[in-house]
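Structure assessment
What follows is each chain in one-letter form.
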Amino acid sequence: MTMREQILAALAALQPDHLDVLDESHMHSRGQQTHYKAAIVSAAFAGLNAVKRHQKVYATLGELMGQFHALALHTYTPEEWAEQGVAPASPTCKGGSKHDH
């Protein structure tokens, strides 16, 4: 099972109305299966600010969090998603990794 598939499987616990996980490792210099972007729409986020939503996602992922470098989170309630409809595009990596020579 790929890391993306593992992330998808774990986040299913949030009973999302919409869930999209993209492997964006190709946009970075650290290798494969290291950088991800997740758009999660769940009623579980109702009444929570961005920090609490992210903490909920981190807790749901548990030990998986230590198996990749970065996760860009875009968390929405169903009502917010109905208005927004799409997660913002990720910026281009500008490097700066300690792994760059």
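Residues numbered from 1 in each chain as written. Predicted model: local features only at pLDDT ≥ 70, side-chain atom pairs only at ≥ 80, totals over all residues. Heavy atoms only, no water.

Per an unreviewed UniProt entry, the chain is named BolA family transcriptional regulator, and its organism is Aquipseudomonas alcaligenes. Regarding the chain, the relevant UniProt record gives this comment under Sequence similarities (unreviewed entry): "Belongs to the BolA/IbaG family." (UniProt positions renumbered as here; feature names shortened; annotations may be inferred.)

Quick look at the pattern of salt bridges
Considering all chains together, one arrives at 1 salt bridge under this definition. We note a salt bridge from Glu 80 to Arg 53, for which the minimum N-O separation is 2.7 Å. With a gap of 27 residues between them, Glu 80 in helix 3 (residues 78–84) and Arg 53 in helix 2 (residues 50–61) connect regions that are remote in the sequence. Residue class for Glu 80 comes out partly exposed when judged on its relative accessible area of 31%. Owing to a relative accessible area of 8%, Arg 53 belongs among the buried residues under this scheme. (Salt bridge = Lys/Arg side-chain N within 4 Å of Asp/Glu carboxyl O. Helix = DSSP H or I, 4+ residues; strand = E, 2+ residues; numbered from the N terminus. Buried < 20%, exposed > 50% of the residue type's maximum accessible area, 1.4 Å probe, protein only.)

Re the sheet that holds strand 3 (residues 70–76)
A sheet is described by the order of its strands in space; here 3 strands give the open sequence 1-2-3, paired in mixed fashion. For this open sheet the edge positions go to strand 1 (18–23) and strand 3, each flanked by a neighbour on one side alone. Neighbour-to-neighbour, the strand axes of the sheet open up by a mean angle of 10 degrees, direction not taken into account. Sheet strands touched by helix 2: strand 2 (35–41) and strand 3. Its angle to strand 3, the strand with the most contacts, is close to 125 degrees. (Pairing = 2+ DSSP bridges. Axes fitted to C-alpha atoms, helices over the stretch in contact; angles between N-to-C directions. Contact = heavy atoms within 4.5 Å.)

Observations regarding helix 1 (residues 3–11)
Within helix 1 the residues assigned to the buried category are Met 3, Ile 7, Ala 10 and Leu 11. Buried residues in helix 1, looked at end-on, bunch into an arc of 95 degrees, giving them a common side. Looking at the buried residues of helix 1, the elements they touch are strand 1, strand 2 and helix 2. (Arc of directions from axis to C-beta.)

Points about the packing of helix 1 against helix 2
For the pair helix 1 and helix 2, interaxial distance at closest approach is 9 Å and the crossing angle is 110 degrees. Put simply, helix 1 runs roughly perpendicular to helix 2. As for the relative orientation of helix 1 and helix 2, their crossing is right-handed in sense. Residues Ile 7, Ala 10 and Leu 11 of helix 1 lie in contact with helix 2, whose contacting residues are Val 57, Thr 60 and Leu 61. A breakdown of the residues in the contact of helix 1 with helix 2 according to their chemical character gives 5 nonpolar, 1 polar and no charged. (Parallel < 35°, antiparallel > 145°, perpendicular 65-115°, else oblique. Left-handed = near helix turned anticlockwise from the far one by under 90°. Nonpolar A, V, L, I, M, F, W, Y, C, P; charged D, E, K, R; others polar.)

Some thoughts on the confidence of the model for the chain
Taken as a whole, the chain shows an average pLDDT of 87; of its residues, 83% reach a score of 70 or greater. When pLDDT is averaged over each element of the chain, helix 2 comes out on top at 97 and strand 2 at the bottom at 92. Note that residues 97–101 has pLDDT below 50 and, in this model, 5 contacts with residues that lie over four places away or in other chains. (pLDDT = per-residue confidence, 0-100.)

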